[in-house]
Amino acid sequence: MRVVKFDDIVKSVRDTIIYSTTHLAPDMLEALKKAYEEEKSEVSRAVLAQILENAVIAEKEWKPLCQDTGLAIYFVKVGEDVKVEGGTLREAIYEGTRRGYEEGYLRASTCDCFTRANLKDKVGYNLPPIIYFDIVPGDKIDIEFAAKGGGSENVSRATVLAPAAGKEGIKEFVKKVVSDAGPNPCPPLVVGVGIGGSFDMSAVMSKHALFRNIGTPNPDPELDAMEKELKEELNKLGIGAMGMGGTETVLAVHIETYENRMCHIASLPVAVNIQCHSSRHAHITI
Amino acid sequence: MAEYKLTTPLTDEDVEKLKAGDIVYLSGVMYTARDAAHKRIVDLILNGEEPPFDLKGAVIYYVGPTPPKPGEPIGSAGPTTSYRMDPYAPILIEHGLKGMIGKGKRNQAVKESCKKHKAVYFGATGGAAALIAKAIKKAEIIAYPELGPEAVRRIEVEDFPVVVINDVYGNDLYEEGRKLWEQK
């Protein structure tokens, strides 16, 4: 049994939050540079130039890329042969989140659903985070983090299609979600699509799909082809950077299916999670 | 696509020359307000009381900035999605508001109000929050400090970069720009 110290997890999480909210990930930077080169609309190119300049300033000054420093989202894989000493893993992630948001001068964005009062004073800075735990073989703790903003989350959608809708039905649904969203979620976008499992699982997978680095192909050749096809079709919508009209609306489409593409014989669950151009995500292994 | 430099407060003549798609660099004094602050300001107006700042020719920036680091006037400060302010905007425009800065679509009532009372909706680049913060030279909270990031701030800006989305002629860049590039 490998022992990991509570404080080490807290520090890793804190540092990861501060770094990833101020330094645009290399995959995003490269994708945005490519979009800038390929964009045909003058006004959208001007917007993309601002986005690229913003990344340079944020990195130099360690200033948040976007003022919406999001909800803290975690996908955590816990090895069966690892033990946390000095507290629980959940508490360590909470404390790392609190310290990261407070010490990094990040915005606390969690509030009570009904009163809309900021939760800062009740349970701490930008707490609670959203955590998906998974138990896996081994003695490592694997943590994926994303700061997910509200603008792009608000236009995300989930549905359950009839099985007869098939791949074409899925594509139509994805197109409708991106088209209806228009300028609101801060395009150019990364589009996460979750297919199969159950209603809730498809939504979780659509979020996890956003963590994949842009440029890494889908290991399933059929899904890889579907991703490329969808990207091309979504870019024909004409939405452009910040919705001002243009040819580069989508940087990537990432699809995840449940194990062995499983779903119920009567159902075809599909979820689309939209990610803005300020995709702040990081991966640490402890 | 023309480029203009304008100084607040804005006049009818200022906004009449702007067309959807134009790039504008704004300087002068602006005010920040979003969801909760809008509700409070509109409630004051409807009760016949004075709003916390003079609306005549004013520009409101929809933003909830990050906390400033020591020695800085403001943290990162990009625009938030504007549709949440749609229920309040027409009343403010009627009382003299000339400009709104945010991101995303506005409803028909806001667009009509812009036409009728000569006001403009500007889009700022969402997420470009570190870049935009550079244009904000001073910031002070003038109302509702208890709202935290949503408090009303008086900000002094220099060459704050925006694009005209809805002009006084009823044009909408989101609709027209998209039509121009859509491939059927």
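Thresholds applied
- Residues numbered from 1 in each chain as written.
- Chains lettered and ligands numbered in written order.
- Predicted model: local features only at pLDDT ≥ 70, side-chain atom pairs only at ≥ 80, totals over all residues.
- Heavy atoms only, no water.
- Disulfide = S-S within 2.5 Å.
- Buried < 20%, exposed > 50% of the residue type's maximum accessible area, 1.4 Å probe, protein only.
- Domains from an automatic or database assignment.
- Contact = heavy atoms within 4.5 Å.
- Buried area = accessible area lost by both parts, 1.4 Å probe.
- Salt bridge = Lys/Arg side-chain N within 4 Å of Asp/Glu carboxyl O.
- UniProt positions renumbered as here; feature names shortened; annotations may be inferred.
- Helix = DSSP H or I, 4+ residues; strand = E, 2+ residues; numbered from the N terminus.
- pLDDT = per-residue confidence, 0-100.
- Patch = residues over 30% accessible without salt bridge, like charges linked within 9 Å, V, L, I, M, F, W, Y side chains within 5 Å.
- Areas by Shrake-Rupley, 256 points an atom, 1.4 Å probe, with all protein chains shown as cover.
- Axes fitted to C-alpha atoms, helices over the stretch in contact; angles between N-to-C directions.
- Parallel < 35°, antiparallel > 145°, perpendicular 65-115°, else oblique.
- Left-handed = near helix turned anticlockwise from the far one by under 90°.
- Pairing = 2+ DSSP bridges.
- Phe/Tyr/Trp six-rings, centres within 6.5 Å; stacked < 30°, edge-to-face > 60°.
- Arc of directions from axis to C-beta.
- Polar contact = N/O pair within 3.5 Å; in protein donor to acceptor, adjacent residues only side chain to side chain.

**Digging into the state of the cysteines**
Note on terminology: disulfide describes a covalent bond linking the sulfur atoms of two cysteines. On inspection of all chains with the given rule, the structure shows zero disulfides over all chains. Cys111(A) supplies the cysteine sulfur nearest to Cys113(A), a cysteine that is in no disulfide, at a spacing of 6.8 Å. In this structure Cys113(A) comes out as exposed when scored by relative accessible area, which is 61%. Summary of cysteine pairing: Cys114(B) is not part of a disulfide, and the nearest cysteine sulfur, belonging to Cys186(A), is at 20 Å. For Cys114(B), a relative accessible area of 1% corresponds to the buried category.

**Some thoughts on the domain arrangement of chain A**
All names here are of chain A. As far as domains go, chain A holds domain 1 (2-20 + 65-148) and domain 2 (150-278). Taken together, the contacts link ten residues of domain 1 with 13 residues of domain 2. Buried surface at the junction of domain 1 and domain 2, both sides included, amounts to about 900 Å², of which 63% is carbon and sulfur. When the buried surface of domain 1 facing domain 2 is broken down by residue, Phe75, Glu144 and Lys148 rank first, second and third, together holding 61% of it.

**Considering the interface of chain A and chain B**
In this assembly, 44 residues from chain A lie in contact with 45 residues from chain B. Surface buried jointly by chain A and chain B totals about 3600 Å² across both partners, of which 58% is contributed by carbon and sulfur atoms. Counting the surface chain A buries against chain B, the share from its top three residues, Gln67(A), Tyr105(A) and Met244(A), is 19%. Inspection of the region where chain A meets chain B yields two salt bridges. Among the ionic pairs, Glu61(A) bridges to Lys134(B), the shortest N-O distance being 2.4 Å.

**Let's talk about the UniProt feature "domain: Fe-S hydro-lyase tartrate dehydratase beta-type catalytic" (unreviewed entry) in chain B**
In this numbering, the UniProt entry assigns the feature "domain: Fe-S hydro-lyase tartrate dehydratase beta-type catalytic" (unreviewed entry) to residues 5-176 of chain B. Helix makes up 24% of residues 5-176 of chain B and strand 27%, whereas the separation of the span's terminal C-alpha atoms amounts to 24 Å.

**Examining the confidence of the model for chain B**
Mean pLDDT for chain B: 95, with 100% of residues reaching 70 or above. Interface confidence for the predicted complex, expressed as ipTM, amounts to 0.93; the pTM equals 0.95.

**What to know about a nonpolar patch on the surface**
On the surface, a nonpolar cluster with roughly 210 Å² of combined accessible area is contributed by Leu71(A), Ile130(A) and Tyr132(A). Summarising the element assignment, Tyr132(A) is placed in strand 4 (residues 130-136).

**So, the packing of helix 7 (residues 166-181) of chain A against helix 9 (residues 221-235) of chain A**
Residues and elements named next belong to chain A. Contact pair helix 7 / helix 9: the axes reach a minimum separation of 11 Å and the direction vectors enclose 40°. As far as their axial angle goes, helix 9 and helix 7 are oblique. Note on packing geometry: the crossing formed by helix 7 with helix 9 is right-handed. The residues of helix 9 that touch helix 7, namely those facing Lys167, Ile170, Lys171, Val174, Lys175 and Val178, are Glu222, Met226, Glu229, Leu230, Glu233 and Leu234.

**As for the sheet that holds strand 9 (residues 268-275) of chain A**
All names here are of chain A. Reading across from one edge, 6-9-7-8 is the order of the four strands in this open sheet, with mixed pairing throughout. Edge positions in the open sheet fall to strand 6 (157-161) and strand 8 (250-257), since each of these has one partner strand only. With strand direction ignored, the average angle separating the axes of adjacent strands in the sheet is 15°. As paired strands, strand 7 (residues 189-195) and strand 9 are joined by six bridges and run antiparallel to one another. When the bridges of strand 9 are listed, Ile195 appears paired with Val270.

**Concerning the sheet that holds strand 4 of chain A**
All names here are of chain A. Across the sheet, four strands lie side by side as 4-2-5-10; this open sheet has mixed pairing. With one partner strand each, in any of the chains shown, strand 4 and strand 10 (280-285) form the two edges of the open sheet. Averaged over all pairs of adjacent strands, the angle between their axes in this sheet comes to 10°, without regard to strand direction. As judged from the eight bridges shared by strand 2 (residues 71-79) and strand 5 (residues 141-148), these two strands associate in the antiparallel manner. Looking at strand 5, one finds that Val76 is bridged to Ile143. Its contacts with the sheet put helix 4 (residues 89-103) on strand 2, strand 4 and strand 5, and the angle it makes with strand 2 is roughly 145°. In this fold helix 8 (residues 199-208) packs onto strand 2, strand 4 and strand 5, with an angle of close to 100° to the strand it touches most, strand 2.

**Some points on the packing of aromatic side chains**
All told, the structure shown has six aromatic pairs over all chains when counted by the stated rule. Ring centres 4.9 Å apart and planes at 20° place the aromatic pair Phe75(A) and Tyr132(A) in the stacked group. Remark: Tyr132(A) occurs in strand 4 and Phe75(A) occurs in strand 2; sequence separation between them is 57 residues. The partly exposed category is assigned to Tyr132(A), whose relative accessible area is 32%. Taking 4.9 Å as the distance between ring centres and 80° as the angle between the ring planes, the aromatic pair formed by Tyr61(B) and Phe160(B) counts as edge-to-face. Residue Tyr61(B) is located in strand 3 (residues 59-61), and its partner Phe160(B) is located in strand 7 (residues 152-166); the two are separated by 99 residues in the primary sequence. This pair shows no difference in class: Tyr61(B) is buried, exactly as Phe160(B) is. By way of ring pairs, the aromatic residues Phe75(A), Tyr132(A) and Phe211(A) are connected into one cluster.

**Considering the pattern of salt bridges**
If you walk through the whole model with that rule in mind, you get 34 salt bridges over all chains. A salt bridge links Lys118(B) to Glu16(B), with the shortest nitrogen-to-oxygen separation between them at 3.6 Å. One end of the pair, Lys118(B), is in the loop between helix 4 (108-117) and strand 5 (120-123); the other, Glu16(B), is in helix 1 (residues 12-16), with 102 residues separating them in the sequence. Accessibility expressed as a relative area gives 30% for Glu16(B), which makes it partly exposed. Through salt bridges with shared partners, a single network forms among Lys11(A), Arg14(A), Asp15(A), Arg99(A) and Glu103(A).

**A closer look at helix 6 (residues 173-181) of chain B**
Residues of helix 6 of chain B that are buried: Leu173(B), Tyr174(B), Gly177(B) and Arg178(B). Buried residues along helix 6 of chain B cover an arc of 115° about the axis, so they all sit on one side. Summarising the geometry of helix 6 of chain B, the exposed residues directed more than 90 degrees from the buried face are Lys179(B) and Leu180(B). Elements that come into contact with the buried residues of helix 6 of chain B comprise helix 7 of chain A together with strand 5 and strand 7 of chain B. With a side-chain oxygen positioned 2.8 Å from the backbone nitrogen of Tyr174(B), the residue opening helix 6 of chain B is Asp172(B).

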